[in-house]
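The chain contents come next:
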Amino acid sequence: MDYDRYDRVRAVQWQGDHLRLLDQRLLPQEERWIDCRDAAAVTQAIRDLAVRGAPAIGIAAAWGVVLAARRGEPLEPALAMLRAARPTAVNLMWALDRMKARIAAGADAAALAREAQAIQDEDLAANRRMGELGAALIAPGSGVLTHCNTGSLATAGFGTALGVIRAGVAAGRVARVYAGETRPWQQGARLTMYELVRDGIPAKLIADSAAAHLMRSGQVQWVIVGADRIAANGDTANKIGTYQLAIAARHHGVKFMVAAPSSTVDMATPSGEAIEIELRDPAELLAVAGRRTVVEGAEAWNPVFDVTPAALIDAIVTERGVIERPDAAAMQAMFGR
Ligand code: MRU
């Protein structure tokens, strides 16, 4: 397929001596770049969601280690600081473990930069492969619903679930795209719609609460989402709201696909129950676009991920292949050592 036609944003860019990040808090109104010159700045960008999406935070963290090495900083504290930036997406820990192994092998800053670049390049290649594999599961003329943002902004490029949708559109398999707005941070409304409009892919935004109604209307045949961590039994943590989409999909006979690179698979976590779910500041729920919408004195609970049980997932698509009706045995066969 013509990748340049469908994939033109690069949110994480190594500049030779510093890391440049597209500030995703400001999109789509403003395209402002942040220049990170040390690991602390990268950690803050991850924590504050200036860079977000499981693969993208792993890539950014790898470059954070490179920055620390170039500055001659002690690397153990830098690794620990980056690792603690967010708890749920295992790509962060996976990328840092790769960097740590290179450090243990005596790598200097230049060798660490080659490793970070390899992590970034492999992610793009994985996404393109997943796009082909995932799109092949979709019958021509189908409608799809996605959640959160899983596109070029969330990855090295092309995207996971959004990559499958891009490949599906290019192949004439996906005829209708719907994106849930993804309260409270609006990754779907602000970021996925930004990418789809830039690509010229016709898509409709829906309120998160319209999803079951949409499924009932017969306009979507697949829900396609990304993942932040896939446990050894196939249980999948992803953006809050994913679980209720999977329940509604099963009820309506709509298929449910998870697309993620193998760096999102965590075979050391036996099931979804063991995945730490990030709780963020209730203030994110109590205001819209920075303006308080809820009465003073009100409280809120703001978990930003949930776990979809493997039993509700029809297919997990990674660059290594497709697992239909995932369970521990199938996961072990594809990802076990
Ligand atoms: O809080 P975020 O925006 O980092 O959450 C992102 C998601 O949940 C994505 O669906 C997931 O990371 C997959 S991105 C390819």
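In every chain, residue numbers begin from 1 and rise along the written sequence. Only residues with pLDDT of 70 or above have their local features reported here, since the model is predicted, and side-chain atom pairs are shown and tallied only from 80 upward, although totals for entire chains, interfaces and linings are computed over all residues. The basis for every side-chain value is the complete set of heavy atoms in the structure, and neither hydrogens nor water enter the calculation.

Description of the overall build of the protein
Phase 1 of the analysis: Across its full length, the protein carries 12 helices and 16 strands.
Phase 2 of the analysis: Its C-alpha atoms put the protein at 60 × 55 × 40 Å along the principal axes.
Phase 3 of the analysis: When accessible area is computed with a 1.4 Å probe and restricted to protein chains, residues below 20% of their type maximum are described as buried, those above 50% as exposed, and intermediate ones as partly exposed. Burial analysis of the protein (337 residues in total) assigns 56% to the buried set.
Phase 4 of the analysis: Considering only contacts in the protein between residues 6 or more positions apart, those separated by 24 or more positions represent 74%.
Phase 5 of the analysis: Here, Shrake-Rupley sampling with a 1.4 Å probe gives the accessible areas, and only protein chains in the shown set may cover a residue. Carbon and sulfur atoms provide 51% of the accessible area of the protein, an area that totals close to 13800 Å².
Phase 6 of the analysis: The charge count includes Lys and Arg as positive and Asp and Glu as negative, but it does not include His or the ends of the chains. The location of each charge is read from NZ of Lys, CZ of Arg, CG of Asp or CD of Glu. With 37 positive and 38 negative side-chain charges, the protein shows a separation of 3 Å between the mean positions of the two kinds. Only DSSP runs of H or I covering at least 4 residues are called helices, and only runs of E covering at least 2 are called strands; the numbering of each starts at the N terminus. The contact definition used throughout considers only heavy atoms, calling two residues in contact when any of these lie within 4.5 Å.

Considerations on the domain arrangement of the protein
Phase 1 of the analysis: Note that domain bounds follow an automatic or database assignment of domains. Domain annotation of the protein identifies domain 1 (3-125) and domain 2 (128-335).
Phase 2 of the analysis: Taken together, the contact between domain 1 and domain 2 spans 36 residues of the former and 40 residues of the latter.
Phase 3 of the analysis: Should a side-chain nitrogen of Lys or Arg be within 4 Å of a carboxyl oxygen of Asp or Glu, the pair is scored as a salt bridge. Connecting domain 1 to domain 2 are 2 salt bridges.
Phase 4 of the analysis: Note that R86 is salt-bridged to E278, the shortest N-O span being 2.9 Å.
Phase 5 of the analysis: N or O atoms within 3.5 Å of each other form a polar contact, as long as, within protein, one can give a hydrogen and the other can take it, and as long as residues adjacent in sequence are counted only when both atoms are side-chain atoms. Inspection of the region where domain 1 meets domain 2 yields 23 residue pairs in polar contact (both at pLDDT 80 or more).
Phase 6 of the analysis: Going through the elements one at a time, α1 (3-6), α3 (54-70), α5 (90-104) and α6 (109-135) are the ones with two or more residues in the side of domain 1 that touches domain 2.
Phase 7 of the analysis: Under the convention adopted here, Pro, Cys and the residues Ala, Val, Leu, Ile, Met, Phe, Trp and Tyr are nonpolar, Asp, Glu, Lys and Arg are charged, and Gly plus all remaining residues are polar. Of the residues contributing to the side of domain 1 that touches domain 2, the split by class is 20 nonpolar, 5 polar and 11 charged.

So, the UniProt feature "binding site: substrate" (unreviewed entry) in the protein
Phase 1 of the analysis: In the UniProt entry, the feature "binding site: substrate" (unreviewed entry) is given for R52, G53, A54, R86, Q187, N238 and K239.
Phase 2 of the analysis: Secondary-structure assignment places R52 in the loop between α2 (39-47) and α3.
Phase 3 of the analysis: Setting aside chain neighbours within four positions, we find R52 in contact with Q24, I57, R86, C148, N149, L153, A154, W185, Q187 and L191.
Phase 4 of the analysis: Among the polar contacts made by the side chain of R52, one reaches the side chain of Q24 at a distance of 3.0 Å.
Phase 5 of the analysis: Checked against the element boundaries, N238 lands in strand β9 (residues 236-239).
Phase 6 of the analysis: What makes N238 buried here is its relative accessible area of 4%.
Phase 7 of the analysis: Setting aside anything within four residues of it in sequence, one finds N238 in contact with V225, G226, A227, D228, V304, F305 and D306. UniProt positions are given in the numbering used here, feature names are shortened, and annotations may be inferred rather than shown by experiment.

Structural notes on the UniProt feature "active site" (unreviewed entry) in the protein
Phase 1 of the analysis: Here the UniProt-annotated "active site" (unreviewed entry) positions come out as D228.
Phase 2 of the analysis: Within the secondary structure, D228 is located in the loop between β7 (222-225) and β8 (229-231).
Phase 3 of the analysis: Residues in contact with D228, not counting those within four places in the same chain, are A54, T88, A89, V90, N91, A237, N238, K239, T264 and F305.

Digging into the pattern of salt bridges
Phase 1 of the analysis: Considering all chains together, one arrives at 18 salt bridges under this definition.
Phase 2 of the analysis: Measuring nitrogen to oxygen at the nearest pair gives 2.8 Å for the salt bridge that ties E73 to R71.
Phase 3 of the analysis: Relative accessible area serves as the criterion here: at 27%, E73 is assigned to the partly exposed category.
Phase 4 of the analysis: Note that E278 is salt-bridged to R280, the shortest N-O span being 2.8 Å. Grouping residues by exposure puts E278 and R280 together as buried.
Phase 5 of the analysis: Among the charged side chains, a salt-bridge network with shared partners connects R86, E278, R280 and E284.

Examining the side chain of T192
Phase 1 of the analysis: Structurally, T192 can be placed in helix α8 (residues 187-199).
Phase 2 of the analysis: Sequence-distant contacts of T192, defined by excluding residues within four places in its chain, comprise T146, C148, N149, T150, L162, A179 and Q187.

Some words on the site of the ligand
Phase 1 of the analysis: We define proximity as follows: a residue is near a molecule or strand when any one of its heavy atoms falls within 4 Å of that partner. The immediate surroundings of the ligand are formed by 17 residues, with R52, R86, D228, N238 and K239 found nearest.
Phase 2 of the analysis: About the coverage of the ligand: the protein hides 99% of its 420 Å² of free accessible area.
Phase 3 of the analysis: When residues of the shell around the ligand are traced back to their parent elements, those giving at least two are α3 and β9.
Phase 4 of the analysis: Its residues assigned to classes, the shell around the ligand shows 6 nonpolar, 7 polar and 4 charged.
Phase 5 of the analysis: Residue contributions to the shell around the ligand reach at least three from each of two domains, namely domain 1 (3-125) and domain 2 (128-335).

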